[in-house]
Amino acid sequence: MGRIVFLLGLIFFLFNNYSVCQEQEKQGCVQVDMNTVKETIHVFTDRSYYAVGEEIYFSASYYANHLSSSSKAEWSKILYFELIDSIGNSFIQKKFQLNHNLAVGKLMIDDQIPSGNYWLKVYTKWMRNNGVENYTYCPLVIVNPENLNGSKFFEISDEDSKSELGGSIDVKLSKENYGKREEVMLVFQNKLANSRDYTYALSVVDKGANVIQPTRMGVSNNEKSELAVVPDIYNISISGKVVDENTKEPQADAVVYLSTIAKQSYFTTVKTNCNGEFVLTLPEPPAQCEYYIHAIKDGIDLQVQIDNGYCTQPVSLHHSKQLLGDEELNLLKELMINAQLTQKFAKTSPEIPIKSDSIPKFFYGRPDKIYTTEKYIDLPDVKDFLFELVPEFAIKRKKKKNYIKLNEITTWGDLPVLTMVDNIPIFDHEEVLNISLQKVKQIEIISTAYVAGASKFNSVINVITKKNDYAGIKLPDNSVFFNYELAEIKKAKGSQKAPNSFSKRIPDRRNTLYWNANFDMNQEDGTVKFMTSDMPGKYEVVLQAFSHQTGEVFHVIKDFEVVAD
């Protein structure tokens, strides 16, 4: 039974129906009513004030009115996070994958970031079609002890909110005052109507450190717009344009080839649209991976231009201009001291090394056959190896050049063999056949039909070299190797931070006593336990909620105090 692997079906459907010229409409591109899909994002963070070197823990809830009311899947699969200042300069950029309409994770604050007011900018690729004013912005304050200046800080305004759906949430503590390193138990009683339609985030922090933030939530505007960016409906997508290298004119119907250079390798192809544009969806390898991209069309010298994965449109934001008072400045000072001491005594876990001799898993999964070469080192090159030992293929000659052909007669017999070296497509079979066998570790073959994106092949040959150096083959001048940051995938449950116990010899000066990005009040009878730290003072339990049904946001706050011995 022939093996036919269809990749990227859904992204091709979107690209062909929304941004690519359809076959029956070669003269013009399709326009889309942007009102058909609207997305909203709301972000909760464990605190509003941070010191450099700390981590921002967040919970991002997502909602979209789908094309079909019965659909419950995300329209976009990836959320883009940026920490920006008031004029849009980006200090942190990271991508996170949505899981059941929720993305949870953390962002490390670099110690070079200056003190000041910042915004956590969150958006999807789809939202980029309607401009930066429709993104979600979450205001934060960051302090750096190297350049602390109280006059530069502005207070984040506090806006109260409550449920409009009816009902409430009661928060009870076992008592009002606690000692250092004492266990605290919270009990929640949820009286909200349709409580399961909410996402809850729970944090326990110094009183005043978590100002309830009036985030700006992005939605599509009311104007029609030509679609410029397609959504990340499966995983992160790479978009770009193919142009003539000499004239810089866009090239339609060019074939773009993409390969990953990783242990879980990937390969696919796509054709450019009438404007020379393309979209490729990536798989889910580790967080960062090296890619190879190359385009071909009728012998034309082509150039592949890859779009920036993040939004580059300018933005200007402002906090309410109120100088911080003595209480807020003292809180910031305490946050800095606690963060510095926590970092000093923090224990780091050693990284687990990756074995260099592990066998790569290539895009086609398990090959039909693997031919190892160590037993046949006397053979001079790949050509003789295929001729003598691989009966599935024959060496033919045409126009004074050798090429590889599948021996078996199939429906797709006229289609080419996909020849690869270390997962890189090599279209000149002569170069592959001339590789010295001393450089080759093994040869993997798929002897049946294979579909990868926009291209069809009657079989696959992948030559794996010993040094993973492509056997010295000169790759096309217009090919590009590049690194591309992929999305982090975090499980929504079990995301609470802060250990329950510290060694008595290590100071416990946590600024966040407890954080749960996806708190489920229906589990364990709505109870939560955590330990106080070594720092006496007033603390507050902050429960924030977002309704996936209405977009409603509200919060509940409960105070308690840790007293000195």
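On a predicted model such as this, the values are computed, not experimentally measured, just so you know.

The rules behind the values
- Residues numbered from 1 in each chain as written.
- Predicted model: local features only at pLDDT ≥ 70, side-chain atom pairs only at ≥ 80, totals over all residues.
- Heavy atoms only, no water.
- Phe/Tyr/Trp six-rings, centres within 6.5 Å; stacked < 30°, edge-to-face > 60°.
- Helix = DSSP H or I, 4+ residues; strand = E, 2+ residues; numbered from the N terminus.
- Buried < 20%, exposed > 50% of the residue type's maximum accessible area, 1.4 Å probe, protein only.
- Salt bridge = Lys/Arg side-chain N within 4 Å of Asp/Glu carboxyl O.
- Core = buried A, V, L, I, M, F, W, Y, C linked by side-chain atoms within 4.5 Å.
- Contact = heavy atoms within 4.5 Å.
- Polar contact = N/O pair within 3.5 Å; in protein donor to acceptor, adjacent residues only side chain to side chain.
- Pairing = 2+ DSSP bridges.
- Arc of directions from axis to C-beta.
- Axes fitted to C-alpha atoms, helices over the stretch in contact; angles between N-to-C directions.

Undergrad: With reference to specific residues and values, describe the packing of aromatic side chains.
TA: The tally for this structure, following the rule as stated, stands at 22 aromatic pairs. On the numbers, 5.7 Å between centres and 90° between planes, the contact of tyrosine 80 with tyrosine 310 is edge-to-face. One end of the pair, tyrosine 80, is in strand S4 (residues 78–84); the other, tyrosine 310, is in the loop between strand S18 (302–306) and helix H2 (326–345), and 230 residues separate them in sequence. Tyrosine 80 sits in the buried class, given a relative accessible area of 0%.

Undergrad: I'd like to hear about the pattern of salt bridges, residue by residue, with values.
TA: Tallying each qualifying case throughout the model produces 12 salt bridges. A salt bridge links aspartate 559 to lysine 207; its shortest N-O distance comes to 2.8 Å. Note that aspartate 559 is positioned in strand S32 (residues 553–562) and lysine 207 in the loop between strand S12 (198–206) and strand S13 (237–244), a separation of 352 residues in sequence. Among the residues examined, aspartate 559 registers a relative accessible area of 38% and is labelled partly exposed. The class of lysine 207 is partly exposed, set by a relative accessible area of 39%. Taken together, the shared-partner salt bridges connect Asp46, Arg47 and Glu54 into one network.

Undergrad: Which residues make up the nonpolar core, and what are the values?
TA: Within the largest apolar cluster, 61 residues are counted, with the highest numbers of intra-cluster contacts made by Leu79, Phe81 and Leu120. Of the residues forming this core, the biggest block, six residues, is contributed by S4. Beyond its immediate chain neighbours, meaning those up to four positions away, phenylalanine 81 contacts Phe58, Ala60, Ile92, Gln93, Lys94, Phe96, Leu107, Leu120, Lys121, Val122 and Tyr310.

Undergrad: So what's going on with the environment of threonine 512? Which residues, and what values?
TA: Inspection of the secondary structure assignment puts threonine 512 in strand S29 (residues 512–516). Note: C-alpha distance between threonine 512 and leucine 335 (177 residues apart in sequence) is 9.9 Å. Within the structure, the side chain of threonine 512 is placed 2.9 Å from the side chain of aspartate 46, a separation counted as a polar contact. There is a polar contact of 2.7 Å between the side chain of threonine 512 and the side chain of arginine 47.

Undergrad: So what's going on with unusual backbone geometry? Residues and values would help.
TA: With phi around 65°, lysine 248 is a residue other than glycine that occupies positive phi space. Positionally, lysine 248 belongs in the loop between S13 and strand S14 (255–261). Although it is not a glycine, aspartate 253 adopts a positive phi angle of roughly 60°. For aspartate 253, the position within the fold is in the loop between S13 and S14. Owing to a relative accessible area of 44%, aspartate 253 belongs among the partly exposed residues under this scheme.

Undergrad: Can you break down the sheet that holds strand S23 (residues 424–425) residue by residue, with the values?
TA: If you trace the five strands from one edge of the open sheet to the other, you get S19-S24-S27-S22-S23, paired in mixed fashion. This sheet does not close on itself; its edge strands, each paired only once, are strand S19 (369–372) and S23.

Undergrad: Break down the pairing of strand S27 (residues 459–465) for me, citing the residues and quoting the values.
TA: Of all seven residues that make up S27, seven are buried, and the element is covered over most of its length. One ladder, built from five bridges, connects strand S22 (residues 417–421) with S27; its direction is parallel. The residue bridging threonine 419 from the neighbouring strand is isoleucine 461, located in S27. Here strand S24 (residues 440–446) runs beside S27; their pairing, made up of six bridges, is antiparallel. The partner of glutamine 442 across the bridge, within S27, is isoleucine 464.

Undergrad: An account of helix H3 (residues 382–389) is requested, with residue identities and associated values reported.
TA: By the burial criterion, the buried members of H3 are Val382, Phe385 and Leu386. Down the axis of H3, the buried side of the element spans an arc of 95°, and every buried residue falls inside it. Residues Phe387 and Glu388 are exposed on H3 and point more than 90 degrees away from its buried face. On the buried face of H3, the contacting elements are S19, strand S20 (393–398), strand S21 (401–406), helix H4 (429–433), S24 and S27. Backbone nitrogen of lysine 383 and a side-chain oxygen of the N-cap are separated by 3.3 Å at the start of H3; the cap is aspartate 381.

Undergrad: Quick one: what's the story with the sheet that holds S4, residue by residue and with numbers?
TA: As summarised here, the arrangement of the five strands in space is S2-S8-S7-S4-S5, forming an open sheet in which the pairing is mixed. Of all strands in the sheet, those with a lone pairing partner are strand S2 (49–51) and strand S5 (90–97), marking the two edges. Averaged over all neighbouring strand pairs, the angle between strand axes comes to 30°, with direction disregarded. Pairing of S2 with strand S8 (residues 136–143), which is carried by three bridges, proceeds in the parallel orientation. Across the sheet, the residue bridging to alanine 51 is valine 143, located in S8.

Undergrad: I'd like a rundown of the side chain of asparagine 478, residues and numbers included.
TA: Within the element layout of this structure, asparagine 478 appears in the loop between S27 and strand S28 (480–485). Since its relative accessible area comes to 14%, asparagine 478 is described here as buried. Reaching out from asparagine 478, the side chain makes a polar contact with the backbone oxygen of alanine 295 at a distance of 3.3 Å. Filtering out sequence-adjacent residues up to four positions away, asparagine 478 remains in contact with Ile293, His294, Ala295 and Leu302.

Undergrad: Explain the environment of serine 265 residue by residue, including any values.
TA: Residue position: serine 265 is located in the loop between S14 and strand S15 (267–271). Separated by 26 residues in the primary sequence, serine 265 and tyrosine 291 place their C-alpha atoms 9.5 Å from one another.

Undergrad: Can you tell me about the pairing of S13, naming the residues and giving the values?
TA: The element S13 is extensively covered by neighbouring structure, given that seven of its eight residues are classed as buried. Sheet topology places S13 next to strand S16 (residues 277–281); five bridges connect them, and they run antiparallel. Bridging from a neighbouring strand, glycine 240 pairs with phenylalanine 278 of S16. Pairing geometry for S13 and S18, over five bridges, is antiparallel.

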